[in-house]
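Topology and contacts: notes
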Amino acid sequence: MLSCQVERRKIMNYKFKMKPYAHQLTALEKSWNKESYAYFMEMGTGKTKVLIDNLAMLYDKGKVNGALIVAPKGVVGTWHNNELPSHLPDHIEHTTVLWKAAISKKQKEKLDTLFETGEGLHILIMNVEAFSTDKGIKFAEKFLSCHSTLMAIDESTTIKNPAAKRTKNILGLAQKTKYRRIMTGSPVTKNPLDLFSQCYFLDPFHLDHDSYYSFRMRYAIMKTANIAGRKIQLVNGFKNLGELSEKLQPFSYRVLKEDCLDLPDKIFIKRQIKLTPDQFRLYDQMKKEALAILKGKQSTTVNTLTQLMRLQQITCGHFTADDGTTQEISNNRLTELMDVLEETEGKAIIWAHYQYDITAIIKAVVKEYGPGSIVDYYGLTPQDERQSNIKKFQDDPKCRFIVGTPSTGGYGITLTAANTVIYYSNGYDLEKRLQSEDRAHRIGQKKSVTYVDLMADDTVDEKIVKALRKKINIASEVLGEELRSWI
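The following refers to the structure shown. (Residues numbered from 1 in each chain as written. Predicted model: local features only at pLDDT ≥ 70, side-chain atom pairs only at ≥ 80, totals over all residues. Heavy atoms only, no water.)

1. Looking at the sheet that holds strand S1 (residues 36–41)
As summarised here, the arrangement of the seven strands in space is S3-S4-S2-S5-S6-S1-S9, forming an open sheet in which the pairing is parallel. Lying at the two open borders of the sheet, with one neighbouring strand each, are strand S3 (94–98) and strand S9 (252–255). When strand polarity is set aside, the average angle formed by the axes of neighbouring strands in this sheet is 15°. The sheet strands contacting helix H2 (residues 22–31) are S1, strand S6 (179–184) and S9, and the helix crosses S1 at an angle near 160°. (Pairing = 2+ DSSP bridges. Helix = DSSP H or I, 4+ residues; strand = E, 2+ residues; numbered from the N terminus. Axes fitted to C-alpha atoms, helices over the stretch in contact; angles between N-to-C directions. Contact = heavy atoms within 4.5 Å.)

2. Some thoughts on helix H18 (residues 460–469)
Residues of H18 that are buried: Val460, Asp461, Ile464, Val465, Ala467 and Leu468. Taken around the axis of H18, the buried residues stretch over an arc of 165°, which confines them to a single face. Lys471 sits one or two residues past H18 and shows a positive phi near 60°. (Buried < 20%, exposed > 50% of the residue type's maximum accessible area, 1.4 Å probe, protein only. Arc of directions from axis to C-beta.)

3. Considerations on the packing of aromatic side chains
Aromatic rings in a pair are described by how distant their centres are and how their planes are angled relative to each other. In total, this model carries 11 aromatic pairs according to the counting rule given. With a centroid separation of 5.6 Å and 70° between ring planes, the pair formed by Phe115 and Phe139 is classed as edge-to-face. Within this pair, whereas Phe115 is found in the loop between helix H5 (105–112) and strand S4 (121–127), its partner Phe139 is found in helix H6 (residues 134–146), the two being separated by 24 residues in sequence. Phe115 sits in the partly exposed class, given a relative accessible area of 22%. With a centroid separation of 5.4 Å and an interplanar angle of 40°, the aromatic rings of Phe196 and Phe215 are classed as tilted. (Phe/Tyr/Trp six-rings, centres within 6.5 Å; stacked < 30°, edge-to-face > 60°.)

4. Let's talk about the packing of H2 against helix H3 (residues 47–60)
Packing of H2 against H3 leaves a shortest axis separation of 10 Å and a crossing angle of 40°. By the angle between their axes, H2 is oblique relative to H3. Crossing angle aside, the handedness with which H2 passes H3 is right-handed. In this structure, H2 contributes Gln24, Ala27, Leu28 and Ser31 to the contact, and H3 contributes Lys49, Val50, Asp53, Asn54 and Met57. Counted by class, the contact of H2 with H3 contains four nonpolar, three polar and two charged residues. (Parallel < 35°, antiparallel > 145°, perpendicular 65-115°, else oblique. Left-handed = near helix turned anticlockwise from the far one by under 90°. Nonpolar A, V, L, I, M, F, W, Y, C, P; charged D, E, K, R; others polar.)

5. Considerations on a nonpolar patch on the surface
Nonpolar side chains collect at one region of the surface, where Val235, Phe238 and Leu241 lie side by side and expose about 210 Å² of accessible area between them. Positionally, Leu241 belongs in helix H10 (residues 241–248). (Patch = residues over 30% accessible without salt bridge, like charges linked within 9 Å, V, L, I, M, F, W, Y side chains within 5 Å. Areas by Shrake-Rupley, 256 points an atom, 1.4 Å probe, with all protein chains shown as cover. Salt bridge = Lys/Arg side-chain N within 4 Å of Asp/Glu carboxyl O.)

6. A few points about a positive patch on the surface
Taken together, Lys270, Lys463, Lys466 and Lys470 make up a surface patch of like positive charges. Tracing the chain through its elements places Lys463 in helix H18. (Lys, Arg positive; Asp, Glu negative; His and termini not counted. Charge placed at Lys NZ, Arg CZ, Asp CG, Glu CD.)

7. Quick word on helix H11 (residues 277–294)
One turn of an α-helix holds 3.6 residues; hence residues three or four places apart share an orientation. Taking 1.5 Å of rise per residue, 18 residues should cover 26 Å, and H11 covers 26 Å from first to last C-alpha, within 8% of that figure. Regarding H11, the residues found buried are Gln279, Tyr283, Met286, Ala290 and Leu294. Buried residues of H11 fall within an arc of 75° about the axis and therefore sit on the same side. More than 90 degrees from the buried face of H11, the exposed residues found are Pro277, Phe280, Arg281, Lys288 and Ala292. Where H11 is buried, its residues touch helix H12 (301–316), H18 and helix H20 (480–486). (Expected span 1.5 Å × (residues − 1).)

8. Quick notes on the sheet that holds strand S14 (residues 374–377)
The six strands lie next to each other as S10-S17-S16-S13-S15-S14, forming an open sheet whose pairing is parallel. This sheet does not close on itself; its edge strands, each paired only once, are strand S10 (266–273) and S14. Neighbour to neighbour, the strand axes of the sheet diverge by 20° on average, direction disregarded. Of the pairings in the sheet, the one linking S10 to strand S17 (residues 449–456) comprises eight bridges and is parallel in character. Across the sheet, residue Lys266 finds its bridge partner in S17, namely Val449.

9. Regarding the pattern of salt bridges
Enumeration over the complete set of coordinates arrives at 22 salt bridges. Lys176 is the salt-bridge partner of Glu141, the closest N and O atoms lying 3.6 Å from each other. Taken together, the positions of Glu141 in helix H6 and Lys176 in the loop between helix H7 (165–174) and S6 put the pair 35 residues apart, joining distant regions of the chain. Taking the relative accessible area as the measure of exposure, Glu141 reaches 34% and is therefore partly exposed. The class for Lys176 is partly exposed, based on a relative accessible area of 40%. Linking Asp438 and Lys266 is a salt bridge whose minimum nitrogen-to-oxygen distance equals 3.1 Å. With Asp438 in the loop between helix H17 (430–437) and S17 and Lys266 in strand S10, this residue pair connects regions lying 172 residues apart in the sequence. With a relative accessible area of 27%, Asp438 lands in the partly exposed category. What makes Lys266 partly exposed here is its relative accessible area of 25%. Through salt bridges with shared partners, a single network forms among Lys266, Arg433, Glu437, Asp438, Asp453 and Arg469.

In structure tokens form, the structure reads like this:
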């Protein structure tokens, strides 16, 4: 009890830029000075803030002067542009650089600042995919060798596969760091074996197994199967899970939204998407055509919204050809959605503005989570199936997802089994957005709901999400000339 009080006094002496919630304070008390720790905190509970405060505390104590943050592509920009500026205390002089694979002269100058001497904190943010490349590995290794560093893996299930090249490289780099942290809302995405690489990154001795195969032997029930004339071992179940849970306790902290009584009713998160080269070319071409069409005309809201819609369709990965058919474009949006679903605990609603996208979403979810994992509620859902789909989502534990359009499913139905709502894409009508938000968050309900907007960098997506979050009805309140500036 005395040691806990001492730790709390140390924490409270730290100058928070933003006051933490009770569970965040507890996480810091348990972890701040430990060499390795796991924040198993559900999406929306603020694990990023905990990590940044932990880093700042270690820096203030002279324990570290560098940080390597490894995160998925859709999150690295948020770390750089939002999270660090929001939570890193102002008294800490720091240099923060976001890694880019294409190293221009300007980018090289930025990267070089990470090796300048001085009293400041040096922060390098890299996407996890960079650790599959020689260029990324060599630069990370150079950075780690120059600083006393904390290395953190955001959404650490990205290194759950021990055979993956990036996992092997990250595990190798972990030995060069003084402090290590992993962060994820869903540490076990499919089975307990996902934990091995994540915990091995923290410390090879945490789970008392120095190889994945000995770990698997202890916690998995295997069976032999004959496939194409070869005998292979398949996982057929699990064992000793109580023991595994006990081993996690000393170096991890689990937080679920339902356990946090002081969270706001609604938590909003953005996930950024990079356009593929094909999308970028088409988007640029369509933007020029749109501006040419609007040039010299009075930009009415209706005709400008039409051009915006064409641009937004491209960011979603499709466009309408001259013959009226819908053509698919290679894109990263569906991949980002699946990454978000992997990080999601419990049930989720997925809203998509375009019916075309719903078929692709259902196909991807069924492939990953199996038949019966998703139901739909949109214009093409037969009337006699709609209520049964809602009931299945609300009552069937195996049905984790429902996908629909706000124009059809956003009104009048109750989907309170979900505590996560994902907007694959947005429309322009504020009422439909607000109504669709409230399907999971009804009057009198106490639980917190997390809303995730997928949006492509530097496109109309950003403008649309920003306006809707400010409760601006784009379709009626934004004038044509202003919409034209969005293009």
